[in-house]
Amino acid sequence: MTQISDDLLLSIFEKMALLKQNDEKMRASISSGRLVMPYYSYRGQEVIPATISALLRDDDTICTIYRGTHDALAKGCPVDRLWAELGGRATGTCKGKGGPMHITHPETGVMVTTGIVGSSMPIANGLAWAAKLEGSDAVTVAYFGDGASNIGAFHESLNLASLWKLPVLFVCSNNLYSEHTRFAAGTAIDSVAKSAAAYSMPGVRVDGNDVLAMHAAAAEAIDRARAGEGPTLIEAMTFRFHGHVFGDDDAYMGEGEKAERMAADPYPRFRAWLIDEGHASEDRLAAIEAEQAERIEAAIRFALDSEFPPASEVLTDVYEQEMAR
Amino acid sequence: MSQVTFVQSINQALHDAMEDDARVLVLGEDVGDAEGGGVVGITKGLSQAFGCERVKSTPISEQAIMGAAIGAALKGFRPVAEIMLMNFTTVASDMIVNHAAKLRFMSGGQTSVPLVVRTMTGAGVSNGGQHSDYLEAWYAHTAGLKVVLPSTPADAYGLMRACIDDPDPCIFVETLPALFNKGEAPVRGSRVPLGKAAVLREGRDVSVIGYGRIIQSVAQLADRLAGEGVSMEVIDLRTVSPFDKEAVLASVRKTGAAVVVHEAVREFGVGSEISSLIHEEAFAALRAPVRRIGAKFAPVPFSKPLETASLPSLDEVEAAVRELAAVTA
Ligand SMILES: Cc1ncc(C[n+]2csc(CCOP(=O)(O)OP(=O)(O)O)c2C)c(N)n1
Ligand SMILES: [Mg+2]
């Protein structure tokens, strides 16, 4: 087991604190009617991008999915611009044109957020190919779900990435469901990671709710990618606490399944571990949480104080130069 | 004047673009020289000249090809991705329609996808229902894409250079059965601006507006009918989207009658859009309704007589032109 510095552990905790509270605020804002949007909550899955992003650089890139607001935030996408985007404001990351399923912030490497299952992977390959052509050792992370492993693009992408030795991390957040379908009911193989063997790349299944396990897998995959040794498939086992989409009734889940998973919430678990193992004091962690809460409050104020984009924006950014119609 | 084929002029365009700009990349099935330099040789010599990192043969993975092109374009490269036949673009249409076309908009202009999709198609060579379709209307109907369909080797060169220069995703459609036809050689380094039509023949009585191989045949028809006193104006759009509205309207305002023609099926086709525009913006100038000519609304058949019957014919164009020329105001 590699030693993880206290600084790194705290940076992971800081990201997790931001992500957890941000999700809570998003759900509360939808309930109160302040935000009107489809929302695919990531609550319960925070360890995965918090840990991976703590190991990434600004010039590393990610492609993520509709559930990937946590991936974008963990990578560094500014909270205030994110909230303005969720509010459909002109000050949003995408001027209000993308919304929750299309968060983009290239300065922090958030290159694509897609609403199409399976489509983060082919584009991640291209970003990684670009880095390789430029002679840079930057890496690209493709985030996707377990259900996406049954899309053709997953298989095409793994094959191409392995063939071209692209610096990609294929990170599958296996939350045991795709929409309302249980993993085993939709996937013939019992582990997504096993698919890696078909494409001659390493595949690992890890506990995606365990920071240490996640760190070990991600660090190895990133090192491999930076060294030009090619891609890795990581299957991070996890669970989403609030169903597929906001308002989900969970009727398709096993009796007590969700309660059991929520009782094992990785957030308080990691928090307690940090204190018990002497990596941080209760006061220190509480202070980090308070800081993150304040960041989110400020972001919400920024979003609500911002203007909506003018109707003329409908026709801009379709092409570089607006087309005469 | 030296003559070249489409294969030669497009190859030259790719070569010159790669030489001028190190960001230009070529990828697709069999594009490398080890694999023959493309199924008809359009990418011949490129991997030898520019290396196998910039000219990459790919597995038969249309989604992965387009995804790789999109990702590289997002980082500022200028990939030219070959999807061998236009029917195969359907397999990559998520990448083309949901991603290449929309990422600039959905990111609020933060990212862009300056790529070119090269693809071949066209009926008349017994390739049957899944290897012959013209799908340009699908892509023209998608905001964020540009679509070109050259009718001469020189235009193919200039349009390819313009597409590679362009900051937005372009679909470059090659007419497979015409790829070895010859035409005037392009001026190296020249560009044909996107969205600019060419007036192939000037005339007074009827405008015929179209693009691709058939519009060249229509120009020959114009020469023949001119001898009989029927004066046709022939407009080659060259770019399907955005098409040259001004050229179309100026021509129709002059002639007062129009026929639109393309090899794609007529129904819901590009010709319908052009016809609507003419009716909306130049109705007062029209002596008669615009006539649309296209392929029959059926999959392209295999059997020779059926395949021929499915295609728009020059006879149909001639009949429409004669009828319209006879209508007086
Ligand atoms: C190509 C495509 N098919 C179907 C959908 C509808 N859809 C949205 S999310 C989803 C489930 C995906 O499950 P998974 O990949 O496990 O990711 P998760 O939502 O669990 O994070 C489906 C079917 C879609 N967005 N795209
Ligand atoms: Mg899932």
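Residues numbered from 1 in each chain as written. Chains lettered and ligands numbered in written order. Predicted model: local features only at pLDDT ≥ 70, side-chain atom pairs only at ≥ 80, totals over all residues. Heavy atoms only, no water.

Focus on the pattern of salt bridges
Thinking step 1. Applying the stated criterion to the full structure yields 39 salt bridges over all chains.
Thinking step 2. For Arg23(B), the salt bridge is made with Asp21(B), and the minimal N-O distance between the two is 2.8 Å.
Thinking step 3. Taken together, the shared-partner salt bridges in this structure form one network comprising Lys95(A), Lys97(A), Glu313(A) and Asp317(A). (Salt bridge = Lys/Arg side-chain N within 4 Å of Asp/Glu carboxyl O.)

What about the site of ligand 1?
Residue and element names in this part refer to chain A.
Thinking step 1. With respect to spatial proximity, 14 residues lie near ligand 1, and among them Tyr66, Arg67, Asp146, Gly147 and Asn175 are the closest.
Thinking step 2. At 2.9 Å, a backbone N or O of Gly115 approaches a nitrogen atom of ligand 1.
Thinking step 3. At a separation of 3.2 Å, a nitrogen atom of ligand 1 approaches a polar side-chain atom of Glu179.
Thinking step 4. Here ligand 1, which alone exposes 580 Å², has 74% of that area covered by the protein.
Thinking step 5. Split by residue class, the shell around ligand 1 holds five nonpolar, six polar and three charged. (Near = heavy atom within 4 Å. Polar contact = N/O pair within 3.5 Å; in protein donor to acceptor, adjacent residues only side chain to side chain. Areas by Shrake-Rupley, 256 points an atom, 1.4 Å probe, with all protein chains shown as cover. Nonpolar A, V, L, I, M, F, W, Y, C, P; charged D, E, K, R; others polar.)

Notes on the nonpolar core
Thinking step 1. With 82 residues, the main nonpolar core has Phe170(A), Ile209(B) and Ile278(B) as its most contacted residues.
Thinking step 2. Per-element accounting of this core gives the leading share, nine residues, to helix α3 (residues 62–74) of chain B.
Thinking step 3. Taken domain by domain, this core gets at least three of its residues from each of domain 1 (3–184) and domain 2 (198–326) of chain B.
Thinking step 4. Once residues lying within four places of it in the same chain are set aside, the contact partners of Ile209(B) are Ile215(B), Ile235(B), Leu237(B), Val248(B), Val252(B), Ala258(B), Val259(B), Val260(B), Val261(B), Ile274(B) and Ile278(B).
Thinking step 5. Membership of the second largest hydrophobic core comes to 59 residues, among which are Ala50(A), Ile62(A), Val79(A) and Leu169(A). (Core = buried A, V, L, I, M, F, W, Y, C linked by side-chain atoms within 4.5 Å. Buried < 20%, exposed > 50% of the residue type's maximum accessible area, 1.4 Å probe, protein only. Helix = DSSP H or I, 4+ residues; strand = E, 2+ residues; numbered from the N terminus. Domains from an automatic or database assignment. Contact = heavy atoms within 4.5 Å.)

Digging into the coordination of the magnesium ion (ligand 2)
Residues and elements named next belong to chain A.
Thinking step 1. Note on the magnesium ion (ligand 2): its protein donors are Asp146 (OD), Asn175 (OD1) and Tyr177 (O). The metal-donor distances range over 2.0 to 2.1 Å.
Thinking step 2. Linear spacing of the donor residues for the magnesium ion (ligand 2) on their chain is D-x28-N-x1-Y. In this pair, Asp146 sits in the loop between β3 (140–145) and α6 (152–163) while Asn175 sits in the loop between β4 (168–174) and β5 (177–178), placing the two residues 29 residues apart along the sequence.
Thinking step 3. Residue class for Asp146 comes out buried when judged on its relative accessible area of 2%. (Donors = N, O, S within 2.8 Å, 3.2 Å for Na, K, Ca; no water.)

A word on the interface of chain A and chain B
Thinking step 1. Tallying the contact residues gives 40 residues for chain A and 42 residues for chain B.
Thinking step 2. Carbon and sulfur atoms supply 68% of the area that chain A and chain B bury against each other, a total of about 3500 Å² over both sides.
Thinking step 3. Among the residues of chain A in contact with chain B, Trp129(A), Glu156(A) and Tyr319(A) are the three that bury the most area, contributing 19% of the side total.
Thinking step 4. Our count for the contact surface shared by chain A and chain B stands at zero salt bridges. (Buried area = accessible area lost by both parts, 1.4 Å probe.)

Regarding the sheet that holds strand β4 (residues 78–85) of chain B
All names here are of chain B.
Thinking step 1. Taken in spatial order, the seven strands line up as β3-β2-β4-β5-β7-β6-β12 in an open sheet, and their pairing is mixed. Strands at the two margins of the open sheet, each flanked by one partner only, are β3 (55–57) and β12 (239–241). When strand polarity is set aside, the average angle formed by the axes of neighbouring strands in this sheet is 20 degrees.
Thinking step 2. Pairing geometry for strand β2 (residues 24–28) and β4, over five bridges, is parallel. Among the inter-strand pairings, Val24 is bridged to a residue of β4, identified as Arg78. (Pairing = 2+ DSSP bridges. Axes fitted to C-alpha atoms, helices over the stretch in contact; angles between N-to-C directions.)

Looking at the domain arrangement of chain B
Residue and element names in this part refer to chain B.
Thinking step 1. Domain parsing of chain B yields domain 1 (3–184) and domain 2 (198–326).
Thinking step 2. When each unit is reduced to the centre of its C-alpha atoms, the spacing between domain 1 and domain 2 is 27 Å.
Thinking step 3. With both sides pooled, the region where domain 1 packs onto domain 2 buries about 1900 Å², and carbon together with sulfur makes up 57% of that total.
Thinking step 4. Taken together, the links from domain 1 to domain 2 amount to one salt bridge.
Thinking step 5. Among the salt bridges present, the one from Arg238 reaches Asp155, with a minimum N-O distance of 3.1 Å.
Thinking step 6. At the boundary of domain 1 with domain 2, the tally comes to 13 residue pairs in polar contact (both at pLDDT 80 or more).

Here we look at the pairing of strand β2 (residues 110–114) of chain A
Residue and element names in this part refer to chain A.
Thinking step 1. Of all five residues in β2, five are buried, a share of seventy percent or more.
Thinking step 2. Direction of pairing for strand β1 (residues 61–65) relative to β2: parallel, over a ladder of four bridges. Considered in β2, the bridge of Thr64 is made with Thr113.

Notes on the environment of Ala64(B)
Thinking step 1. Mapping Ala64(B) onto the fold places it in helix α3.
Thinking step 2. Ala64(B) sits 13 residues away from Phe77(B) along the chain, and the two C-alpha atoms are 17 Å apart.
Thinking step 3. Look past the residues within four positions of Ala64(B) in its chain and what remains in contact with it is Pro122(A), Glu156(A), Ser157(A) and Leu160(A).

A word on the side chain of Glu235(A)
All names here are of chain A.
Thinking step 1. Within the element layout of this structure, Glu235 appears in strand β8 (residues 232–237).
Thinking step 2. There is a polar contact of 2.8 Å between the side chain of Glu235 and the side chain of Ser191.
Thinking step 3. Beyond its immediate stretch of four places on either side in the chain, Glu235 contacts Cys172, Asn174, Phe183, Ser191, Val192, Ala193, Val204, Arg205 and Val206.

Remarks on unusual backbone geometry
Thinking step 1. Going from Ser241(B) to Pro242(B), the amide bond is cis rather than trans, its omega being 0 degrees.
Thinking step 2. Here Pro242(B) shows up in the loop between β12 and α9 (245–255).
Thinking step 3. Residue Lys165(A) is not a glycine yet carries a positive backbone phi of 50 degrees.
Thinking step 4. By the secondary structure assignment, Lys165(A) is in the loop between α6 and β4.
Thinking step 5. The class of Lys165(A) is partly exposed, set by a relative accessible area of 44%.
Thinking step 6. Phi at Arg238(B) is positive, roughly 65 degrees, even though this residue is not glycine.
Thinking step 7. Residue placement: Arg238(B) occurs in the loop between β11 (232–236) and β12.
Thinking step 8. Residue class for Arg238(B) comes out buried when judged on its relative accessible area of 12%.

What about the sheet that holds strand β14 (residues 291–295) of chain B?
What links the strands of a sheet is backbone hydrogen bonding, and the strands pair in either a parallel or an antiparallel sense.
Residues and elements named next belong to chain B.
Thinking step 1. An order of β9-β11-β10-β13-β14 is seen for the five strands of this open sheet, with the pairing classed as mixed. With one partner strand each, in any of the chains shown, β9 (198–201) and β14 form the two edges of the open sheet. For this sheet, the mean angle separating the axes of adjacent strands, direction not counted, is 25 degrees.
Thinking step 2. Here four bridges tie strand β10 (residues 206–210) to strand β13 (residues 258–265), and the two strands are oriented parallel to one another.

Observations concerning helix α4 (residues 93–100) of chain B
Thinking step 1. Three or more residues of α4(B) are buried, namely Asp94(B), Met95(B), Ile96(B), His99(B) and Ala100(B).
Thinking step 2. On its buried face, α4(B) sits against β2 and α5 (120–133) of chain A together with α3, α5 (103–106), α6 (136–140) and β7 (170–175) of chain B.

Focus on the pairing of β7(B)
Residue and element names in this part refer to chain B.
Thinking step 1. Of all six residues making up β7, six are buried, and the element is well covered by its neighbours.
Thinking step 2. Strand direction decides the pairing type here: strand β5 (residues 116–121) and β7, joined by six bridges, are parallel. For Arg118, the partnering residue across the bridge sits in β7 and is Phe172.
Thinking step 3. In the sheet, strand β6 (residues 146–148) pairs with β7 via three bridges, with the strands oriented parallel.

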